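# Survey of secondary and tertiary structure
The residues making up each chain are set out below.
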Amino acid sequence: MSSRSLGGITTGQVATNATTATRLASPQTSQTGRVNWRIELRSMASGSDIIYIGHASTVTSSTGFPLAAGERVKLQADDPSRIWAISSANTPSLAYVYT
């Protein structure tokens, strides 16, 4: 997991896998407790790999929101670190930006 903060905008990518859910990067300590984070996620998967998004480390292909290769979703959440991802196969990355 790597992230970069640019004046209130945080960007990065996390590598997902098919066995263990991966947590999206946490907000900066100074921003903890903030509500209404605007978050955009984009699947960097290729081929038929799918990334599933959920709200807990127990996210699976049955419970998560699917993102196929190149698909995006925009969310609002009280804490980006509460977003988890797991893949259908391989180790595709999930790109994110939040403000």
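A few points on the structure. (Residues numbered from 1 in each chain as written. Predicted model: local features only at pLDDT ≥ 70, side-chain atom pairs only at ≥ 80, totals over all residues. Heavy atoms only, no water.)

### As for the sheet that holds strand 3 (residues 22-23)
The strand order 3-8-5-6 describes an open sheet built from four strands, whose pairing is antiparallel. In this open sheet, the two strands that pair with only one neighbour each are strand 3 and strand 6 (65-68). Where strand 5 (residues 50-54) lies against strand 8 (residues 84-87), four bridges are found, and the strand directions are antiparallel. Paired with glycine 54 across the strands is tryptophan 84, a residue of strand 8. (Pairing = 2+ DSSP bridges. Helix = DSSP H or I, 4+ residues; strand = E, 2+ residues; numbered from the N terminus.)

### A look at the packing of aromatic side chains
On inspection of all chains with the given rule, the structure shows two aromatic pairs. With a centroid separation of 5.2 Å and 85° between ring planes, the pair formed by tryptophan 37 and tyrosine 98 is classed as edge-to-face. Placement of tryptophan 37 in strand 4 (residues 37-43) and of tyrosine 98 in strand 9 (residues 93-98) is noted, with a sequence separation of 61 residues between them. Like tyrosine 98, tryptophan 37 is buried. Taking the centre distance of 5.8 Å and the plane angle of 15° together, the rings of tyrosine 96 and tyrosine 98 count as stacked. (Phe/Tyr/Trp six-rings, centres within 6.5 Å; stacked < 30°, edge-to-face > 60°. Buried < 20%, exposed > 50% of the residue type's maximum accessible area, 1.4 Å probe, protein only.)

### Here we look at the pattern of salt bridges
Applying the stated criterion to the full structure yields two salt bridges. A salt bridge links arginine 82 to aspartate 78; its shortest N-O distance comes to 2.9 Å. The class for arginine 82 is partly exposed, based on a relative accessible area of 48%. Judged by its relative accessible area of 38%, aspartate 78 is partly exposed. (Salt bridge = Lys/Arg side-chain N within 4 Å of Asp/Glu carboxyl O.)

### Points about the nonpolar core
Judged by nonpolar contacts, the single largest core of 16 residues is most densely connected at Leu24, Ile39, Leu41, Ile53, Leu94 and Tyr96. Going through the elements one at a time, strand 4, strand 5, strand 7 (72-77) and strand 9 are the ones with two or more residues in this core. (Core = buried A, V, L, I, M, F, W, Y, C linked by side-chain atoms within 4.5 Å.)

### Details of unusual backbone geometry
A positive phi is found at asparagine 90, a non-glycine position, where the angle reads about 60°. Among the structural elements, asparagine 90 can be located in the loop between strand 8 and strand 9.

### Here's the deal with the side chain of serine 43
Mapping serine 43 onto the fold places it in strand 4. On the accessibility criterion, serine 43 (1% relative accessible area) is buried. Engagement of the side chain of serine 43 in a polar contact is seen with the backbone oxygen of alanine 68, the distance being 3.4 Å. Excluding residues within four positions of it along the chain, serine 43 makes contact with Ile51, Leu67, Ala68, Ala69, Gly70, Glu71, Ser93 and Leu94. (Polar contact = N/O pair within 3.5 Å; in protein donor to acceptor, adjacent residues only side chain to side chain. Contact = heavy atoms within 4.5 Å.)

### Concerning the environment of isoleucine 39
Within the fold, isoleucine 39 resides in strand 4. Along the backbone, isoleucine 39 and threonine 11 are 28 residues apart, and their C-alpha atoms lie at a distance of 9.8 Å. When sequence neighbours within four positions are dropped, the list of residues in contact with isoleucine 39 reads Leu24, Val73, Lys74, Leu75, Ala77, Pro80, Ile83, Val97 and Tyr98.

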